[in-house]
Amino acid sequence: MTTAVADALVESFVIEGSVPLNGRIRAAGNKNGALPILAACLLTDEPVQLANVPHIRDVETMIELLVDLGAEVEWTGPNDVRVHAADVEKTELDEELSRRIRASFLLAGPLLARCGRATVPPPGGDVIGRRRLDTHIHAFQQLGAEIELTRIYEMRSRGRLQGRHIFLDEASVMGTENAIMAAVHAAGETVIGNAACEPHVQDLCRFLVSLGARISGIGSNVLRIDGVDGLGGGEWRIGPDHIEVASFIGLGAVTPGEIVIEGVLPADVEPTLLAFERLGVQLELQESSVLVPDGQVLAVEDDLGGQIPKIEDGPWPAFPADLTSIALAVATQARGTILIFEKMFENRLFFVDKLVGMGARIILCDPHRAVVNGPAQLYGERLTSPDIRAGMAMLLASLCAEGVSTIGNVGEIDRGYERIDERLRALGARIERVEA
């Protein structure tokens with residue numbers, strides 16, 4: 001473990017709650033878009049210049065993995081990265097680096113496509129429940145790869161991968177991305193059915209097209225890829241992080257003051273707004289920004305007949321699983337009762353006992369469902385972040401609580417939110433980063 005990572009894990013945020021937040025905050029580049037795009041840079045031996053790359057721990061780890069494989073990677077600006085994978089010297093991923101992020105497995109597709117082999121240790125990442133790799137493996141096998149699984153994944157192809165009609169057994173985001181990257185150089189046409197179509201999947205496809213790939217159906221759940229012999233270099237700007245935009249909407253909803261979130265693509269955030277409206281959040285979606293006005297009076301909008309409503313996640317364009325923790329935190333401040341239904345990950349909601357300790361009224365029905373009754377007066381507490389999104393939910397709760405909260409293990413939050421303490425201080429938040 002590097003010193004930087006170790007330091008982040010022992011740092012804490014100390015937050016004084018109930019302080020008005022006012023001003024403008026710009027959405028960073030999409031973490032879940034930057035990671036596969038960085039991996040896809042292995043598909044070309046020409047240089048690629050990337051802009052709007054979030055400078056976060058997960059991105060730094062992906063860059064370390066690329067460098068270990070032989071690529072030249074450098075930060076050319078605060079959020080600009082140049083990648084030149086002229087020579088890929090090895091096809092075996094570093095095990096310690098792979099354990100840090102789940103996205104390490106995204107290098108399997110590019111390595112198979114370019115080198116015909118990949119040795120990949122089990123990936124790390126958030127411990128939010130079982131996270132299958134079956135979809136990735138089945139897609140690789142249908143394209144002609146041979147897979148041997150012991151403690152690690154040994155993958156190889158006898159010659160060039162072959163285009164096929166593939167129907168994914170689930171609309172896995174990373175599984176779709178790996179299948180796309182493996183198919184870009186495959187011989188003939190690949191059709192991917194039940195493909196994920198989240199904004200970051202679309203961004204990866206458009207990036208590859210800018211380098212010379214032939215991909216159609218972008219934005220739908222059926223992708224057609226005509227394999228090409230090679231890709232060129234180029235420049236690409238990572239799209240804004242719609243999960244971060246929605247996190248800041250939640251932040252503005254539960255704290256006094258007016259916040260404007262800049263750098264927004266409306267098409268990427270519109271599907272999430274229905275859930276916030278169900279919690280009574282008032283906002284104005286503009287051409288490239290979102291205004292969250294002061295004076296929010298949050299109230300749950302009941303279903304017809306006065307029935308208790310629910311917020312549930314699902315494949316895009318349904319409500320993103322990465323936002324269920326944020327929605328739950330906002331719901332603690334809304335008058336009424338609502339069910340939060342997290343369908344994908346059985347450990348995602350296990351952090352709610354921390355919010356209950358702050359005063360929230362939440363019943364965890366089972367690993368996937370929580371009933372929230374609000375509004376509840378929250379009080380400062382000592383907390384520890386178990387994963388990226390739970391950490392951000394705790395941050396929201398701490399900023400609207402009475403008194404002082406301490407959140408430990410903030411390295412988890414740093415994995416997904418760039419310089420979050422600095423950016424919140426610019427809005428007036430009283431938050432300090434200290435050594436635990």
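Everything below is about the structure shown above.
Before going into details, it helps to say that this report is about the structure given with it.

Basis of the calculations
Along every chain, residues carry numbers that run from 1 in the direction the sequence is written. At least 70 in pLDDT is required for a residue's local features to be given in this predicted model, at least 80 for side-chain atom pairs to be given and counted, and no such filter applies to totals for whole chains, interfaces and linings, which use all residues. The basis for every side-chain value is the complete set of heavy atoms in the structure, and neither hydrogens nor water enter the calculation. Ring pairs shown here join Phe, Tyr and Trp side chains whose ring centres sit within 6.5 Å, with only the six-membered ring taken for Trp; geometry is labelled stacked below 30 degrees between planes, edge-to-face above 60, and tilted in between. Charge-over-ring placement is defined geometrically: NZ (Lys) or CZ (Arg) within 6 Å of the ring centre, and within 35 degrees of the ring normal. Secondary structure follows DSSP: runs of H or I at least 4 residues long count as helices, runs of E at least 2 residues long count as strands, and numbering of each begins at the N terminus. Side-chain atoms alone can form a polar contact between residues adjacent in sequence; in general such a contact is a pair of N or O atoms within 3.5 Å, and within protein one must be able to donate a hydrogen while the other accepts it. Under this scheme, a helix contributes an axis fitted over its contacting stretch, all axes are lines through C-alpha atoms, and angles between N-to-C directions fall in the 0 to 180 degree range. Any angle between 65 and 115 degrees counts as roughly perpendicular, while under 35 counts as roughly parallel, over 145 as roughly antiparallel, and the rest as oblique. Crossing handedness follows the turn of the near helix against the far one: under a right angle anticlockwise gives a left-handed crossing, and clockwise gives a right-handed one. It only takes one pair of heavy atoms within 4.5 Å for two residues to be counted as in contact. Only Asp, Glu, Lys and Arg are considered charged in this grouping, and only Ala, Val, Leu, Ile, Met, Phe, Trp, Tyr, Cys and Pro are considered nonpolar; every other residue, Gly among them, is considered polar. Side-chain atoms within 4.5 Å are what join buried Ala, Val, Leu, Ile, Met, Phe, Trp, Tyr and Cys residues into a set we call a nonpolar core. Summary of the burial criterion: residues with accessible area below 20% of their type's maximum are buried, those above 50% are exposed, and those between are partly exposed, where the area comes from a 1.4 Å probe applied to protein chains only. Pairs of cysteine sulfur atoms within 2.5 Å are identified as disulfides in what follows. Working rule for helices: expected span equals 1.5 Å times residues minus one. Each salt bridge in this description consists of a side-chain nitrogen of Lys or Arg and a carboxyl oxygen of Asp or Glu lying within 4 Å of one another. Like-charged residues within 9 Å of one another, or nonpolar side chains (Val, Leu, Ile, Met, Phe, Trp, Tyr) within 5 Å, are grouped into patches, provided each residue has over 30% relative accessible area and no salt bridge. Calculation of accessible area relied on Shrake-Rupley with a 1.4 Å probe; when residues are assessed, cover is drawn exclusively from the protein chains displayed. Counted as positive: Lys and Arg. Counted as negative: Asp and Glu, with His and the chain ends omitted from the count. Where a charge sits is defined by one atom per residue type, namely NZ (Lys), CZ (Arg), CG (Asp) or CD (Glu).

So, the packing of aromatic side chains
Tallied over the full model, the rule gives two aromatic pairs. Here the basic side chain of Lys 343 rests over the ring of Phe 341, its NZ or CZ set 5.5 Å away from the ring centre.

Thoughts on the side chain of Arg 348
Within the secondary structure, Arg 348 is located in the loop between strand 18 (336-341) and helix 12 (352-357). At 3.2 Å, the side chain of Arg 348 forms a polar contact with the side chain of Glu 342.

Considering the packing of helix 9 (residues 242-254) against helix 13 (residues 388-400)
Taken N-terminus to C-terminus, the directions of helix 9 and helix 13 make an angle of 20°; their axes are 9 Å apart at the nearest point. When the axis of helix 9 is compared with that of helix 13, the two are roughly parallel. When you trace helix 9 past helix 13, the crossing you get is right-handed. Contacts between helix 9 and helix 13 involve Ile 243, Ser 247, Phe 248, Gly 250, Leu 251 and Val 254 on the former and, on the latter, Arg 389, Met 392, Leu 396, Leu 399 and Cys 400. Here the residues of the contact of helix 9 with helix 13 are counted per class, giving eight nonpolar, two polar and one charged.

A short note on the nonpolar core
Ranked by size, the top nonpolar core spans 72 residues in total, and within it Leu 38, Leu 107, Met 155, Ile 180, Phe 207 and Leu 208 carry the most contacts. Leu 38 has contacts with Leu 50, Val 59, Met 62, Ile 63, Leu 66, Val 81 and Val 83, leaving out every residue within four places of it along the chain. If you look at the next biggest cluster of nonpolar residues, it comprises 71 residues, including Leu 21, Val 292, Leu 298 and Ala 360.

Section: the state of the cysteines
One pass over the full model with this rule turns up zero disulfides. The structure places no disulfide on Cys 41, whose sulfur is separated from the nearest cysteine sulfur, that of Cys 115, by 15 Å. Overall, the relative accessible area of 2% leaves Cys 41 in the buried class.

So, the side chain of Gln 296
Following the sequence through the fold, Gln 296 ends up in the loop between strand 16 (289-292) and strand 17 (310-312). What makes Gln 296 buried here is its relative accessible area of 18%. Engagement of the side chain of Gln 296 in a polar contact is seen with the backbone oxygen of Gln 282, the distance being 2.7 Å. Only 3.0 Å separates the side chain of Gln 296 from the backbone oxygen of Pro 293, close enough to count as a polar contact.

A short note on helix 3 (residues 57-69)
Taking 1.5 Å of rise per residue, 13 residues should cover 18 Å, and helix 3 covers 19 Å from first to last C-alpha, within 8% of that figure. When helix 3 is considered as a whole, its buried residues turn out to be Arg 57, Asp 58, Val 59, Thr 61, Met 62, Ile 63, Leu 65, Leu 66 and Leu 69. Phi turns positive one or two residues past the end of helix 3, at Gly 70, with a value near 120°.

Things to note about helix 5 (residues 108-115)
Taking burial as the measure, the eight residues of helix 5 include six buried ones, the bulk of the element. All of the buried residues in helix 5 are Ala 108, Gly 109, Pro 110, Leu 111, Leu 112 and Ala 113. One or two residues past the end of helix 5 sits Gly 116, with phi positive at roughly 80°.

Here's the deal with unusual backbone geometry
A negative phi angle is the norm for most residues apart from glycine, just as the trans form is the norm for most peptide bonds. With an omega of 15°, the peptide bond running from Trp 316 to Pro 317 counts as cis. By the element assignment, Pro 317 lies in the loop between strand 17 and helix 11 (324-331). Here the residue pair Gly 374 and Pro 375 is connected by a cis peptide bond, since its omega of 0° sits within 30 degrees of zero. Checked against the element boundaries, Pro 375 lands in the loop between strand 20 (369-374) and strand 21 (382-384).

Let's talk about the pattern of salt bridges
Going through the model one piece at a time under the given rule, you end up with 28 salt bridges. The salt bridge involving Arg 430 is made with Glu 16; its shortest N-O contact spans 2.9 Å. Of this pair, Arg 430 sits in strand 23 (residues 430-435) while Glu 16 sits in strand 1 (residues 11-16), and the two are 414 residues apart along the sequence. A relative accessible area of 35% means that Glu 16 is categorised as partly exposed.

Here's the deal with a negative patch on the surface
A cluster of acidic residues, Asp 45, Glu 46, Glu 72, Glu 74, Asp 87 and Glu 89, forms a negative patch on the protein surface. Judged by its relative accessible area of 52%, Asp 87 is exposed.

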